[in-house]
Each structure stands twice: as structure tokens, then as C-alpha cells.
Amino acid sequence: MYQTVKYGTLKELQLNKMIEPFIHPSAEIREGCEIGEGTVIGPFVRLEANVKIGKWCTIGPFSVIAEDTIIADDVFIGPFFGTTNDKKPHIGPHGLHPDKPKFDAMPPRIYRGAVIGERVTLAPGVTIGEGARIDMCAQIYSSVLAGKHIRAGVQHKV
Amino acid sequence: MYQTVKYGTLKELQLNKMIEPFIHPSAEIREGCEIGEGTVIGPFVRLEANVKIGKWCTIGPFSVIAEDTIIADDVFIGPFFGTTNDKKPHIGPHGLHPDKPKFDAMPPRIYRGAVIGERVTLAPGVTIGEGARIDMCAQIYSSVLAGKHIRAGVQHKV
Amino acid sequence: MYQTVKYGTLKELQLNKMIEPFIHPSAEIREGCEIGEGTVIGPFVRLEANVKIGKWCTIGPFSVIAEDTIIADDVFIGPFFGTTNDKKPHIGPHGLHPDKPKFDAMPPRIYRGAVIGERVTLAPGVTIGEGARIDMCAQIYSSVLAGKHIRAGVQHKV
């Protein structure tokens, strides 16, 4: 379903008439990610491990995509997009501490054709339905149905 | 009105008693940008194409400045500043898809001496008037008059 | 109290059975910072000068930590964490201008075991008490007492 990532500048890609994904050289991509053809990953993007992104998407600059997130085809995501997957970060040692507990990751899922504006934040475990539109600075605390429009700056809690 | 960008470390610039702009080496600057003397561009800043910035400004870390934005002299901008220029990103293919539609860009404009705090977001097409002051986390959905003070966290809609 | 920073990949550190801090190679760290053992500094983090961070902390990606901030042990900080230390950025020349005024920095202080979610912003001079928990997108305008829980998206003003 997804191609393996290949790096290159947009010009290099176009000269070869390829439609590989374009990944900005400053992006940081962890192991196990897959990115579809024609997708653009902007500067200063961080993809955590095992993120899957479909075809013809845009991921805006300064976006962080949590581990195991799945994003379908034709999705637009603006700058500063933030995802989360841990509902209760615990009190106690973090970082490299051997007693740091594991957690049940709740990655978000984003369906085909969704359009997400600048600086939108998703709480753990939410899904964004097909063709949904989320305006800038919205905070999404529960899943958004297909085709729904969430206005700018709204705290969406259902 | 603006100098062409020259890269260099602050120390190099000072040893030469130059007052070139200082651009952090991690900043990403696209083609056609112009930056005035004495302006500091912080780490992890993204300037899209054809951005013009005047003299003696500060652009804080993690700021993204949309294509064709104009920023006058003596402007202070804090970290995580976000601009936008597309009022209606459409539903459908994005990225490198040949059918990706063009849009009428509405870049923001920021006048002399404006002071913009941390994590402020501008909607497409707004202007920030001379000497306006915008506190942290404000969301600016309509233009701000010269000298006006927008409080922290406010959703400014007029 | 704090070790001097040593750079290395997580794997290098583990093979040596060291518990040095792990600092992502894309992080930008200014002079005078100290980071405790087992602490993880994520990608695209900016530490300003003289920041002190304790042991077994996590500092999430895209976080900016203001000059002279002190963070104790066992603190978790999510992505896009923003600190500030200047209450009144002035109107007038900034950047490298010789008449740019100095200011009385008010760095924040974060006590042991605090847990701070994604995209939290601290106003200048606040403290976050021991074991406090701050959910995503909160804006913190005044100090948070030990053990207190600030809900997501709240503008905390006391």
C-alpha cells in the first residue's frame, strides 16, 4: 500500500519524472515509517516510529506525528500539527530510567481527504473522519465524524 | 530597502564589525527572501519564498513565515509564531499531485515596531499595525490597528 | 548536581552501559547548560543559555527552554513546550541593534516529578510545583502549586 521512503530534492525527483514522496532534508523520520507517492513532508517534521502516510498528502513544517499513527491518502496538514498517544504520562522517572513504565499507546488515525489547519492538536486515540475539515488552533479531544467542520480555536469535546 | 541575505555566525559578523543580519545555521530559508541589517533569525525558523523582513528585527525560534509576507523594521516576534496564507485548503489531493489546485495567497503584513509574543497565530490576510502589541498565545483572526494591545490567549475577531 | 553534557546516540550510550543524558543530534543547546543522567532531549529542542535540567527527565521535540530555567529530576515535558522570560518586550529596535535594551529575565522553575503535556506555554516567572500535572494546550499565567492538576486547554490565572 505504501512505498518505502526515498530521499531527494523536489527538482531531482521531477527531473526523473518520479513521483516519489518528497521529504525535506531537515525532517527527522524514525524506523518503520512508510510514505506514499507524491506526498510532501515539510521541513522540521518529526515522524515517530512506524507512522504510515498515504499518497498525495502534505505534512506541514514543525509537525510531530506520534508512533503508529495512520494517515490515509489526500490529507492536508498545516504547520505545527501535534499528535499525542499517551493518556496518562505518570509521575516519576522518565527518560532512560530502567523503571520507566510502558504505556498503552493510543495513536490517532486520520481518514482520506481530511484537511487540518495550522497548530491543531489531537488528544490520544481520536480519529479524524473522511473529508473532515479542522480550522487553525482547534484542540480535538474526541473523534471527528466524516465531513464535519470544526471551527478555528474550538475545543472539540463532543 | 532590504539587503540580500548573507550567512555567517554572530562572531564572524561582529569581528568584521558588520551589521549583517544574523541567521542561525539551522534556519531554513527559501528563494527570494530579503533580510535587513541587524536582524536576528533564530534557530529552526522557516521562511517560505519571497519573505521580506526589515532592519533590527528578531524572529524567534520555531517560527514559520508564509510566502510573500512583509515585515517592517524594529519588529519583535517570539517563538512558535505561525502565519497562514490559504483561507480554504481544499479537500482532495495535495503534495505533488498534478491536479493540486492553485490558491490566491493572502500573506500577512506586519508594520514597524510591532511586538508579538510567544505562540501567536495569524489567520490569512491580516495586518498587524504599527507599534501593536500582541501577547502570548493570541489567535488573530482579523487585522489589528496601530498601537492596539491584544491580551494573552485572546481570540481576536474584531 | 548535574553532569556536563556528553553527546551520543542512544545505542552508543546503551552499549557502553552508560546513563549519560541522550541528546538528539538535531537539538540546539547554548553555552552553560547542564543536563542530568538518563535525561532525554528530543529532536528540534532549543535550550537557551545556562538551563539546568535534572536526572531522568524527558524534554519533548520542538520545545524551547528560556535562559536560566531550572528543571528538577523526574520531569516529563511533551512536544512544543514553550517558556518565556520577558514580561514586556519593548517597542523599538531588537535584533543586533546597539540600543536594544536589556531586560530583567524571569525564567520559570519546574519542580520534581511535574508532568507537562503537549503544547503547554508558561508565562514569565511562574513556577510549576512538585508533582503537578498540566494537560495539553494549557496556558499557565501564574504559578501552579505542588500536586495540582490543570486541565487541558485551560488558561490558568489563579
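Residues numbered from 1 in each chain as written. Chains lettered and ligands numbered in written order. Predicted model: local features only at pLDDT ≥ 70, side-chain atom pairs only at ≥ 80, totals over all residues.

## Brief notes about the nonpolar core
Right, on to step 1. By size, the foremost hydrophobic cluster in this structure holds 135 residues, and its most contacted members are Ile134(A), Ile140(A), Ile134(B) and Ile134(C).
Right, on to step 2. Sequence-distant contacts of Ile134(A), that is, excluding residues within four places in its chain, are made with Ile116(A), Gly117(A), Val120(A), Ile128(A), Ile140(A), Val144(A) and Ile150(A). (Core = buried A, V, L, I, M, F, W, Y, C linked by C-beta atoms within 7 Å. Buried ≥ 20, exposed ≤ 12 C-beta atoms within 10 Å, placed from the backbone. Contact = placed C-beta atoms within 7 Å.)

## Considerations on the interface of chain A and chain C
Right, on to step 1. Between chain A and chain C, the residue contacts involve 20 residues of the former and 26 residues of the latter.
Right, on to step 2. Residue classes in the side of chain A that touches chain C are distributed as nine nonpolar, nine polar and two charged. (Nonpolar A, V, L, I, M, F, W, Y, C, P; charged D, E, K, R; others polar.)

## With respect to the relation of the copies chain A and chain B
Right, on to step 1. Of the transformation placing chain A onto chain B, the axial shift is 0.0 Å and the rotation is 120°, giving an RMSD of 0.0 Å. Here the copies are linked by what is in effect a three-fold axis.
Right, on to step 2. Here only 8% of the contact residues of chain A are again contact residues in chain B; the copies associate through non-equivalent surfaces. (Least-squares fit on C-alpha atoms with pLDDT ≥ 70 in both.)

## With respect to the interface of chain A and chain B
Right, on to step 1. In this complex, chain A contributes 26 residues to the contact, which on the side of chain B involves 20 residues.
Right, on to step 2. Class assignment for the residues of the side of chain A that touches chain B results in 16 nonpolar, seven polar and three charged.

## Examining the confidence of the model for chain A
Residues and elements named next belong to chain A.
Right, on to step 1. Scored by pLDDT, chain A has a mean of 88; 88% of the residues are at 70 or more.
Right, on to step 2. For the stretch residues 1-10, pLDDT sits under 50, and the model shows 19 contacts to residues farther than four places along the chain or on other chains.
Right, on to step 3. Reported confidence for the predicted complex is 0.88 by ipTM and 0.90 by pTM. (pLDDT = per-residue confidence, 0-100.)

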